[in-house]
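Given next are the chains, with one letter for each unit.
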Amino acid sequence: MTHPGLDSGAPRPDAATKAMGRARYCADVQLTGMLHGVIVASPVASGILSGLDVSAAEAAPGVVAVLTAANLPGNNRVGLIFDDQPLLVTDRVRMAGDRLALIAATTLEAAQRAARLVKFTIDPLPGVHDVRRALEPGAPLVQEQGNLLKEFFVKRGAPQTCRDADLVLEDEFVIGGQEHAYLETQGTVAEPQPDGSWLLHSTTQCPFYIRGRVARFLGLPISRVRVRQTVTGGGFGGKEDYPDEPAMCAAALAKATGRPVSLILPRDQDMQMSTKRHAMVVRHKLYASLSGRIRGVEVQVLVDAGAYAGLSTVVAERANISSVGPYDIEHVSVLTQVIYTNNLFGGPYRGFGAPQVAAAHEAQMDRLARAVGQDPFEIRRINGVSAKNPEFTSGEALPQAHLYGKLLDELEEKSGWKREKAAIAAAREADPGACEGIGLATIIYGVNLHWGGQRLDRGGAYVLIQADGTVNAAVGITEMGQGALAAMRTICAAGLGIDETRVQITEVDTALVPDSGPTVASRATVSGGNAVLDAVRQLNERLLPLAAGKLGLSGPEGVVCRDGVYSHPSTTVTTTFNEVVALLYGRRQNPGALGWFMSPEREYDPATGQGRAYAFYTFGGHVVRVRVDRATGLVTVREVTAAHDVGKIIHGLSAEGQVQGGVVQGLGWALSEELKLDAGRLKNPGFTDYLIPSSMDIPERINIVFLEEPEDQGPFGAKGLGEPSFISVGAATLNAVSHALGRDVSVLPLTPERVVGLARPDAEGTP
Ligand code: MTE
């Protein structure tokens, strides 16, 4: 089934090249004289680098340069928000994957051979690997200033007054991290230019971050560094900040050698070194009355940041505000702590901390439903935000709060909830060993940047009409598979009133478009789309008066362009887009326009978590139907229903693809993807042992519901969908397995080993 959007149904602009294998990814960039770079990394997570001998590597055939902290041609302090990270280790090793040396050689094989010749000694130090232990007195320190990096809060009402509630439900949820598993690993080709400036070809979702950090690393003005995004084979948040690191490594080697350097991470290094979805521990306490109404919640979220801050505080800021869910609750206390450990490097990942906390708040909603004898849908209706009770955790009244109830209705109907639940109950009656379950989870998500990052919530686009009536558009937001280019093309074409195949959109080049902030937070459609529309508005101000003249009218009011033809209700005379463009060119008027978008300024108090955390929100929800094999622990997902409040669908097929992809990625996180660590070292750094879903694991049916009620701030009323399509999948799966097993579940992922443990009649607690 395809959901119609504003688009005409023409294939996505990036579809054919990707499907035919013609797209040029970062590793396809070949330049004259190009060298190949590799990284020598620490295999241990905590220690002191007491010896490093690169002489044999330097002497190896084909090697052009070997860099260590001692001869790095750039600033070795590379932390993004906090100054806590070196590019190359000077003495202290804090994570497995810390870089010790960089090598450039004439071939990749020569560089890899030389890497094996680097000798190093690391004297091990005790590490901290359990986020729950990291703040205890005497815990090994990951960073000198202590293991607590930052705290975030929500303080609303007085939760302590709820302690006499009829019901108190309390649990600790242990939620695992996740590898992004983009098919294209991280990499950059750094190309020094003859005039001393730099061109970098990078696989990234945030080219402007790379530009800024490489410029700082090399000590250059921003204008001397240019980043071209290469076709990007998936990002999922993993290519927000992390790509800056291989980019700085490639730039360092290129600076040292004066030659272009291609540095592409092999899969095992990529999995060990690059950022991951944060593992979190969520302690959730809920106070409710017997009617099912929640009086208050107290939440503590422990975020395992790994050894460096990266963007963990930004992720935690979102987890903090998301940790209560789409509910109107009078008394709320949330404490989110970002904690250093010697585990994997935590970072952005589709949903930015919301999926982990959703697993906890949605499990609690189901437990409350069971405790008071209500249906899971009903308990969410009782407590959910609504037109009558529109206040969310941050205290702000949501203008579209009524959509939450509508979403519940649609999700219940489309998933056949009542019918399926009755069928499961009947099957259990007939055979008490039958192990089927159904689970629901819902979320609210700000599909733009949090107040803390609102200075970056902006976007630029340059739209240029060519003399033949075709259009080039350069946007500052990136395509990483989600369909952003298709959406931008559709918005541009719809704004001008022409067929979208006339519009050519290009991947980001930082020299051509203004810094549009990061392509994260599902903000591309709104920030990029509004920027495109602003450019189109300026162009229409020039085109419409010309069209009016051609139609014999005195002014442009009421003139419209549809399918490339201008018309007005008062006349049968028409003129084409091409004719009007010819006139524009004939008069030597400017055929281009730079469009700009910025989200409205907001007030928010980080000390209490009260105010306008996000510019606007979306609701989403999933129902997951599972069968559990008690003997093997295998969970088979039979059907998933997804419902999303999307404002307006721009590109139908891309929207549908996002929902399907989000569901499959969410099921992988919930059921099979486990980052197995041995003292901070990843034991399964490859897709043989780290199990992402294959086509065999995809449910028989994924039903999709889109609620289309326009969002005032979105282009044509649209809002983002990229992350919400993922966020509640894990939580709904947890609830479905819990329903199937007839017991509380407080852990993700639910791998077969864990489920076997939970299915044992004598099982207790978290396995
Ligand atoms: N879909 C694909 N195919 N590839 C990706 O890398 N990234 C996700 C999501 N969907 C991603 C994806 C993430 S992390 C985000 S923030 C959004 O897409 C970004 O896109 P949007 O702003 O266009 O929704």
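Rules behind the numbers
Residues numbered from 1 in each chain as written. Predicted model: local features only at pLDDT ≥ 70, side-chain atom pairs only at ≥ 80, totals over all residues. Heavy atoms only, no water. Near = heavy atom within 4 Å. Polar contact = N/O pair within 3.5 Å; in protein donor to acceptor, adjacent residues only side chain to side chain. Areas by Shrake-Rupley, 256 points an atom, 1.4 Å probe, with all protein chains shown as cover. Domains from an automatic or database assignment. Contact = heavy atoms within 4.5 Å. Buried area = accessible area lost by both parts, 1.4 Å probe. Salt bridge = Lys/Arg side-chain N within 4 Å of Asp/Glu carboxyl O. Helix = DSSP H or I, 4+ residues; strand = E, 2+ residues; numbered from the N terminus. Buried < 20%, exposed > 50% of the residue type's maximum accessible area, 1.4 Å probe, protein only. Phe/Tyr/Trp six-rings, centres within 6.5 Å; stacked < 30°, edge-to-face > 60°. Lys NZ or Arg CZ within 6 Å of the ring centre and 35° of its normal. Axes fitted to C-alpha atoms, helices over the stretch in contact; angles between N-to-C directions. Parallel < 35°, antiparallel > 145°, perpendicular 65-115°, else oblique. Left-handed = near helix turned anticlockwise from the far one by under 90°. Pairing = 2+ DSSP bridges. Expected span 1.5 Å × (residues − 1).

K.L.:
Please provide a residue-by-residue account of the site of the ligand, values included.
P.N.:
Taken together, the neighbourhood of the ligand is formed by 16 residues, with Gly235, Phe236, Met480, Ala524 and Gln658 sitting nearest. Arg350 places a polar side-chain atom, nitrogen or oxygen, 3.4 Å from a nitrogen atom of the ligand. Alone, the ligand offers 520 Å² of accessible surface; in the complex the protein occludes 92% of this.

K.L.:
Could you give an account of the domain arrangement of the protein, naming the residues involved and the relevant values?
P.N.:
By domain assignment, the protein separates into domain 1 (16-125 + 183-234 + 239-273), domain 2 (280-386 + 400-451 + 605-759) and domain 3 (458-598). Computed from C-alpha atoms alone, the centre-to-centre distance between domain 1 and domain 2 is 36 Å. Counting residues at the interface gives 23 residues for domain 1, matched by 23 residues for domain 2. Roughly 1,900 Å² is buried in total at the junction of domain 1 and domain 2, and carbon and sulfur atoms are behind 63% of that figure. By the criterion of area lost to domain 2, the three top residues of domain 1 are Asp84, Met271 and Gln272, representing 27% of everything that side buries. For the interface between domain 1 and domain 2, the tally reads zero salt bridges. Our count for the contact surface shared by domain 1 and domain 2 stands at seven residue pairs in polar contact (both at pLDDT 80 or more).

K.L.:
How would you sum up the environment of Val131? Please name residues and give values.
P.N.:
Assignment of secondary structure puts Val131 in the loop between strand S6 (119-124) and strand S7 (148-156). Along the backbone, Val131 and Gly306 are 175 residues apart, and their C-alpha atoms lie at a distance of 9.2 Å. Once you skip the residues sitting within four places of it in the chain, Val131 turns out to touch Val281, Leu302, Val303, Asp304, Ile339 and Thr341.

K.L.:
Break down the pattern of salt bridges for me, citing the residues and quoting the values.
P.N.:
Applying the stated criterion across every chain, the model contains 45 salt bridges. In this structure, the salt-bridge partner of Glu172 is Arg132, at a minimum N-O distance of 2.8 Å. One end of the pair, Glu172, is in strand S8 (residues 167-175); the other, Arg132, is in the loop between S6 and S7, with 40 residues separating them in the sequence. We classify Glu172 as partly exposed; its relative accessible area is 26%. Lys719 is the partner of Asp645 in a salt bridge, and the nearest nitrogen-oxygen pair spans 3.1 Å. Pair noted here: Asp645 is in strand S27 (residues 635-645) and Lys719 is in the loop between strand S30 (701-707) and helix H16 (724-741), with a separation of 74 residues, a long-range link. For the pair Asp645 and Lys719, a shared accessibility class is recorded, and that class is buried. Connected via shared salt-bridge partners are Asp130, Arg132, Arg133, Glu136, Glu172 and Arg283.

K.L.:
Quick rundown of the side chain of Arg156? Include the residues and the values.
P.N.:
Position of Arg156 relative to the elements: it lies in strand S7. Assessed through its relative accessible area of 12%, Arg156 is described here as buried. Apart from residues no more than four positions distant in its own chain, Arg156 is found in contact with Asp328, Ile329, Glu330, His331, Val332, Glu391, Phe392, Thr393, Gly395 and Gln610.

K.L.:
Can you lay out the packing of aromatic side chains for me, pointing to particular residues and giving the numbers?
P.N.:
Geometrically, a pair of aromatic rings is defined through the distance of the ring centres and the angle of the planes. For the coordinates displayed, the defined rule picks out ten aromatic pairs. Measuring from centroid to centroid gives 5.0 Å for Phe377 and Trp417, while their planes differ by 75°, and the two rings are edge-to-face. One end of the pair, Phe377, is in helix H9 (residues 376-383); the other, Trp417, is in helix H11 (residues 417-430), with 40 residues separating them in the sequence. Per residue, the accessibility class of Phe377 equals that of Trp417, and both read buried. Taken together, the ring pairs connect Tyr327, Tyr404 and Phe619 into an aromatic cluster. The cationic tip of Lys155 hangs over the ring face of Phe153; the distance from NZ or CZ to the ring centre is 4.7 Å. Across the ring face of Tyr349, the terminal group of Arg277 is positioned such that the distance to the ring centre comes to 4.1 Å.

K.L.:
Quick one: what's the story with the packing of helix H4 (residues 207-218) against helix H5 (residues 244-257), residue by residue and with numbers?
P.N.:
Packing of H4 against H5 brings their axes to within 9 Å, and their N-to-C directions diverge by 40°. Regarding the angle of H4 to H5, the classification is oblique. As for how H4 packs across H5, the hand of that crossing is right-handed. Here Tyr209, Ile210, Arg213, Val214, Phe217 and Leu218 of H4 come into contact with H5, specifically with Asp244, Glu245, Ala247, Met248, Ala251, Ala252 and Lys255.

K.L.:
Give me the lowdown on the sheet that holds S27, citing residues and values where you can.
P.N.:
One open sheet accounts for four strands, arranged S16-S26-S27-S30; its pairing is mixed. Looking at which strands have only one partner, the edges of the open sheet turn out to be strand S16 (436-446) and S30. Sheet twist, expressed as the mean angle between neighbouring strand axes with direction ignored, is 15°. Here S27 pairs with S30 via seven bridges, running parallel. Paired with Asp645 across the bridge in S30 is Leu707. Packed on one face of the sheet, H9 meets S16 and strand S26 (617-628) and runs near 25° to S16. Across the sheet, H16 touches S16, S26 and S27, and the angle it forms with S16 is around 150°.

K.L.:
How would you sum up the sheet that holds strand S3 (residues 63-67)? Please name residues and give values.
P.N.:
Strand pairing in a sheet takes place through backbone hydrogen bonds and is either antiparallel or parallel in direction. Read across the sheet, seven strands follow the order S3-S5-S1-S12-S9-S10-S11 without closing on themselves; strand pairing throughout is mixed. Strands with a single pairing partner mark the edges of an open sheet, and in this sheet they are S3 and strand S11 (225-229). Pairwise comparison of adjacent strand axes, ignoring direction, gives a mean angle of 20° for this sheet. In terms of strand pairing, strand S1 (residues 35-41) meets strand S5 (residues 99-105) through six bridges, oriented antiparallel. When the bridges of S5 are listed, Ala41 appears paired with Arg99.

K.L.:
I'd like a rundown of helix H10 (residues 402-415), residues and numbers included.
P.N.:
With 14 residues, H10 should reach 20 Å at 1.5 Å per residue; the first-to-last C-alpha distance of 21 Å fits that figure. In this structure, the buried side of H10 is in contact with H9, H11, S16, S26, S27 and S30. Phi turns positive, to about 60°, at Gly416, one or two residues after H10.

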